[in-house]
Amino acid sequence: MTSSSTWLVVGLGNPGEQYAATRHNVGQLTEDVLLQRTGASWSSHRSGTHVADVRLGILPGGVPGPKVVLAKSDSYMNTSGGPVGRLMKFLGIDAGHLLVIHDDLDLPAHELRLKKGGGEGGHNGLKSISQVLGTKDYHRLRIGIGRPPGRQAPADFVLARLSAKDRPEWDVTFENAADVVESIVTNGFAPTQMALHSANSGK
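Residues numbered from 1 in each chain as written. Predicted model: local features only at pLDDT ≥ 70, side-chain atom pairs only at ≥ 80, totals over all residues. Heavy atoms only, no water.

Caption draft 1: A look at the environment of Ser80. Turning to its location among the elements, Ser80 is positioned in the loop between β6 (67-73) and α2 (81-91). The exposure class of Ser80 is buried, given its relative accessible area of 1%. With 66 residues separating them in the primary sequence, Ser80 and Asn14 have C-alpha atoms 9.1 Å apart. Non-local contacts of Ser80, meaning those with residues more than four positions away in its chain, are made with Leu12, Ser73, Ser75, Gly125, Ser128 and Ile129. (Helix = DSSP H or I, 4+ residues; strand = E, 2+ residues; numbered from the N terminus. Buried < 20%, exposed > 50% of the residue type's maximum accessible area, 1.4 Å probe, protein only. Contact = heavy atoms within 4.5 Å.)

Laid out in structure tokens, this is it:
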């Protein structure tokens, strides 16, 4: 079991190599950056997830930051709620300490926004989690992917791989998103949200 104040950070996406570098998987790609920073590795969990127990960020005096559980579901995006709900129950973590990282069509590409509660914006992964938890009152880190060009269907757009040309810029975005996660667990959600949105408005 974990402390009731421990954050569970879930990166949304689809399993399998064919989906690994798609726009729909930017949440999981951000988690991979966090994992690399800690030197930890994924382990399979009976909830239907892969998890890693890590410490994120640095506290004053150079002390390692708080304990965090990183997780990604082994199921497809549309059924993310079941594995996430089972893991939360196993760990004793409530919705108030759940952070979900996900792609967002309603934000310009690379823009980061934090949100607690509210609607799911048509995102099936969030819908599944809200339905299983019976609440929308959890935290989200939204990673903008922009709108599909021309008449491309949104489903095709989100499942398209990030191009080699664009990947360096996306790698910067994933590093920035990982910084936001570290700030949340060390400084708190509200101060991080204020700082992030102030920086965005100043662009």
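Now that the structure has been shown, we can carry on.
Caption draft 2: Up close: the sheet that holds strand β7 (residues 98-104). Reading across the sheet, the seven strands line up as β2-β3-β6-β1-β7-β9-β8 and stay open at both edges, with mixed pairing between neighbours. Edge positions in the open sheet fall to β2 (43-45) and β8 (112-116), since each of these has one partner strand only. For this sheet, the mean angle separating the axes of adjacent strands, direction not counted, is 30 degrees. Pairing of strand β1 (residues 7-11) with β7, which is carried by four bridges, proceeds in the parallel orientation. (Pairing = 2+ DSSP bridges. Axes fitted to C-alpha atoms, helices over the stretch in contact; angles between N-to-C directions.)

Caption draft 3: Examining the packing of aromatic side chains more closely. Applying the stated criterion to the full structure yields two aromatic pairs. A cation sits over an aromatic face here: Arg140 above Tyr138, 4.4 Å from the ring centre. (Phe/Tyr/Trp six-rings, centres within 6.5 Å; stacked < 30°, edge-to-face > 60°. Lys NZ or Arg CZ within 6 Å of the ring centre and 35° of its normal.)

Caption draft 4: The packing of helix α5 (residues 167-187) against helix α6 (residues 189-201), seen in detail. Viewed as axis vectors pointing N to C, α5 and α6 meet at an angle of 140 degrees, and their least axial separation amounts to 7 Å. As summarised for this structure, α5 and α6 are arranged oblique, according to the angle between their axes. Contact with α5, carried on its side by Val180, Ser183, Ile184 and Asn187, involves Phe189, Pro191, Thr192 and Leu196 of α6 and no other residues of that element. Of the residues that constitute the contact of α5 with α6, the class distribution is five nonpolar, three polar and no charged. (Parallel < 35°, antiparallel > 145°, perpendicular 65-115°, else oblique. Nonpolar A, V, L, I, M, F, W, Y, C, P; charged D, E, K, R; others polar.)

Caption draft 5: Representation of unusual backbone geometry in the model. Of note in the backbone geometry, His110 takes a positive phi value of approximately 80 degrees without being a glycine. Mapped onto the secondary structure, His110 falls in the loop between β7 and β8.

Caption draft 6: Structural view of the pattern of salt bridges. Following the criterion strictly, the structure yields 10 salt bridges and no others. Lys72 is the partner of Asp32 in a salt bridge, and the nearest nitrogen-oxygen pair spans 3.6 Å. One end of the pair, Asp32, is in helix α1 (residues 26-38); the other, Lys72, is in strand β6, and 40 residues separate them in sequence. Assessed through its relative accessible area of 24%, Asp32 is described here as partly exposed. Classification of Lys72 by relative accessible area gives buried; the value is 17%. Note that Glu175 is salt-bridged to Arg37, the shortest N-O span being 2.7 Å. Pair noted here: Glu175 is in helix α5 and Arg37 is in helix α1, with a separation of 138 residues, a long-range link. (Salt bridge = Lys/Arg side-chain N within 4 Å of Asp/Glu carboxyl O.)

Caption draft 7: Looking closely at the pairing of strand β9 (residues 139-144). Burial runs high along β9: six of the six residues are buried. Two elements, β7 and β9, share six bridges in a ladder whose sense is parallel. Looking at β9, one finds that His102 is bridged to Arg142. Two strands pair when backbone bridges link them, and β8 and β9 are joined in this way by five bridges, in the antiparallel orientation. Each residue of the ladder has a partner; that of Leu112, found in β9, is Ile143.

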